[in-house]
Amino acid sequence: MALLALGGLPAQAQESPYFVTYDHYLEEPGSLEVEYFSNLATQRGGRSFDAYWIELEYGATAWWTTELYLDAQSTFGDSTIFTGFRLENRFRLLKSEHVINPVLYVEYEQISEADKIMKEIEGHDVEADHATPNAILRQGHNHELELKLLLSSTRYGWNFAVNPLATKPLTGGDPWEFGYAMGVSRPLALKASAKRCSLCRENFVAGVEMYGGLGDRPSFGLWQTSHYLAPVVAWNLPSNWTLRLSPGFGLNDHSHQFLLRWGISREFSGFGSKVASWFGGRR
Amino acid sequence: MIRSAIVGRAAVLLAAVLLVGIAAAQTTNSETQNPANSVYAELAKAPAKAAGRHNPLEADPEAAAAGAKLFELHCAECHGATADGGKKGPSLRAQEVQQATPGTLFWLLTNGVVRKGMPVWSRLPEPQRWQLVSYIKSLGPSQAPAKQ
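## Quick word on the environment of Leu-94 of chain A
Residues and elements named next belong to chain A. Looking at the element boundaries, Leu-94 is found in the loop between strand E4 (80-92) and strand E5 (101-112). Sequence-wise, Leu-94 and Trp-63 are 31 residues apart; in three dimensions their C-alpha atoms are separated by 8.6 Å. With residues up to four places along the chain from it excluded, the contact list for Leu-94 reads Asn-101 and Pro-102.

Right under this line is the structure:
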């Protein structure tokens, strides 16, 4: 209902095409972005699945973005289950633009082992982890702290981003796990056209991202890890909507052979002041 | 039972996160509305080299029109539909802005004023930032007193 009431807020879409990699751009202050993403994956030795999630991304300030994820998945011929939630915060560390711009990413996850959205690949995550039936996987629960350093640079329209990550299970005494994501992207046109249009080249951003695990503290490296290469494209519509698509390809025998990610999102500018006004605050 | 407990906890957490965020955003509002913290003061901080840059699209007859479209998409929410100042952002038709060099405005767009609520806009490619500068400079000074 609240989102319907916000339907008339003006457009403000200029989103990155990445699914896994983050650049250094945060949500505009007071804006709420509602996003739905899907990750369709082939599975050897088990059943293919479609994992999906909703993201609510809010720009608290120009240097802080906070986000809630709600995850679920359907394993074909098995079941559909809710798999948990994540709370994410991103903090811009420098107040102005530099050649490389660091952003600190801190996330708390409370998810079951049946979570398959593959928003990050870490440690020794491999395809075989997803072959077990949901009834068994959902019995295991993960409470994790995830830290990333988002390094990103934009030059001549090209964005380059590298995200090393480390996760620490908060229960069970498991070791730190490591992973990475990196991406490069560019709008198809750098100049905007004078007309308001949906199919103008400047509304499309294309690129490629790569992500994978780097083992854990006792066994850091590429042994028994999975890696993916995925072209990405985003279509930023002037009507506030963004569509994203990314076919992903496993790079070794431990990876899913094929992933198809897609997403749709809509930004609600001025969400914060609108909500504040409902409670008697200043608009 | 367990699932409903998790969903309930998630809903509470979401509410908490959004309320904290909204509170933080309101704090930013009050900062930008205080003349002492005005974004205008940031214009003076542009390095001489950046301030001296010329707008490469100055002679482009479509630059201001394209900039107007970009302004509506990305800037009007804060600075107002006519750029006379809005809920969070100051007027861009004030003397301080209109008298600033194109290079200074480009520098401010690129770097934002992050601590005072204005995001960096380097996400927009350079030509689009110059198109925005063309549009802002085309507005001319406001006849009405500037809102901060």
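## Description of the confidence of the model for chain B
One rule of thumb: low pLDDT means the predicted coordinates there are not for detailed reading. Residue and element names in this part refer to chain B. Confidence in the prediction of chain B, expressed as mean pLDDT, is 81, and 70% of residues score 70 or more. Counted against residues more than four places away or in other chains, residues 26-33, with its pLDDT under 50, gives 18 contacts. Scored as a complex, the prediction yields pTM 0.87 and ipTM 0.88.

## Quick word on the packing of helix H7 (residues 102-111) of chain B against helix H8 (residues 126-139) of chain B
All names here are of chain B. One way to put it is that H7 packs onto H8 with a least axis distance of 9 Å and a crossing angle of 125°. Put simply, H7 runs oblique to H8. By crossing handedness, the relation of H7 to H8 is classed as right-handed. In contact with Pro-102, Leu-105, Phe-106, Leu-109 and Thr-110 of H7, H8 contributes Arg-129, Trp-130, Leu-132, Val-133, Ile-136 and Lys-137.

## Side note on the pairing of strand E7 (residues 158-169) of chain A
Residues and elements named next belong to chain A. Note: strand E6 (residues 141-155) against E7, 10 bridges, orientation antiparallel. Note on E7: the bridge partner recorded for Leu-145 is Lys-168. Hairpin connection, E6 to E7: the antiparallel pair is bridged by 2 residues, and Tyr-156 has positive phi, about 50°. Sheet topology note: the E7/strand E8 (residues 177-187) ladder contains 9 bridges and is antiparallel. Considered in E8, the bridge of Pro-164 is made with Tyr-180.

## Quick notes on the nonpolar core
Within the largest apolar cluster, 45 residues are counted, with the highest numbers of intra-cluster contacts made by Phe-71, Leu-105, Leu-132 and Ile-136 of chain B. Of all the secondary-structure elements, those providing two or more residues to this core are strand E2 (49-61) and helix H3 (271-278) of chain A together with helix H4 (63-74), helix H5 (76-79), H7 and H8 of chain B. At 7 residues, the largest contribution of residues to this core is made by H4 of chain B. Setting aside anything within four residues of it in sequence, one finds Phe-71 of chain B in contact with Ala-76, Ala-83, Leu-132 and Tyr-135 of chain B. Counting residues in each nonpolar core, the second largest holds 28 residues, with Tyr-18, Tyr-22, Ile-117 and Val-232 of chain A among its members.

## Observations concerning the confidence of the model for chain A
Scored by pLDDT, chain A has a mean of 93; 94% of the residues are at 70 or more. Counting contacts from residues 1-12 of chain A, a segment whose pLDDT is below 50, to residues more than four positions away or on other chains yields 22 contacts.

## As for unusual backbone geometry
One can expect most non-glycine residues to show negative phi and most peptide bonds to be in trans. Positive phi is not limited to glycine here, since Asn-240 of chain A has a value of about 90°. Examined against the element boundaries, Asn-240 of chain A turns out to sit in the loop between strand E10 (227-236) and strand E11 (241-250). Of the residues examined, Asn-240 of chain A has 19 C-beta atoms within 10 Å and is grouped as partly exposed. Although it is not a glycine, Ala-83 of chain B adopts a positive phi angle of roughly 65°. Examined against the element boundaries, Ala-83 of chain B turns out to sit in the loop between H5 and helix H6 (95-98).

## Comments concerning H3 of chain A
The buried fraction of H3 of chain A is high, at 6 of 8 residues. Looking at H3 of chain A, one finds that the buried residues are Phe-271, Gly-272, Ser-273, Lys-274, Val-275 and Ala-276 of chain A.

## As for the sheet that holds E10 of chain A
Strand pairing in a sheet takes place through backbone hydrogen bonds and is either antiparallel or parallel in direction. All names here are of chain A. Pairing is antiparallel around the closed barrel formed by 12 strands, whose spatial order is E1-E2-E3-E4-E5-E6-E7-E8-E9-E10-E11-E12. For this sheet the average axis-to-axis angle between neighbouring strands, irrespective of direction, equals 20°. Pairing between strand E9 (residues 204-216) and E10: 9 bridges, direction antiparallel. Bridge assignment links Ala-206 to a residue of E10, and that residue is Val-233.

## What about the packing of H4 of chain B against H8 of chain B?
Residue and element names in this part refer to chain B. One way to put it is that H4 packs onto H8 with a least axis distance of 7 Å and a crossing angle of 100°. Considering the angle they form, H4 stands roughly perpendicular to H8. Contact residues: H4 offers Ala-63, Ala-64, Ala-66, Gly-67, Ala-68, Leu-70 and Phe-71, while H8 offers Gln-128, Trp-130, Gln-131, Leu-132, Ser-134, Tyr-135 and Ser-138.

Procedures and definitions
Residues numbered from 1 in each chain as written. Chains lettered and ligands numbered in written order. Predicted model: local features only at pLDDT ≥ 70, side-chain atom pairs only at ≥ 80, totals over all residues. Helix = DSSP H or I, 4+ residues; strand = E, 2+ residues; numbered from the N terminus. Contact = placed C-beta atoms within 7 Å. pLDDT = per-residue confidence, 0-100. Axes fitted to C-alpha atoms, helices over the stretch in contact; angles between N-to-C directions. Parallel < 35°, antiparallel > 145°, perpendicular 65-115°, else oblique. Left-handed = near helix turned anticlockwise from the far one by under 90°. Pairing = 2+ DSSP bridges. Core = buried A, V, L, I, M, F, W, Y, C linked by C-beta atoms within 7 Å. Buried ≥ 20, exposed ≤ 12 C-beta atoms within 10 Å, placed from the backbone.

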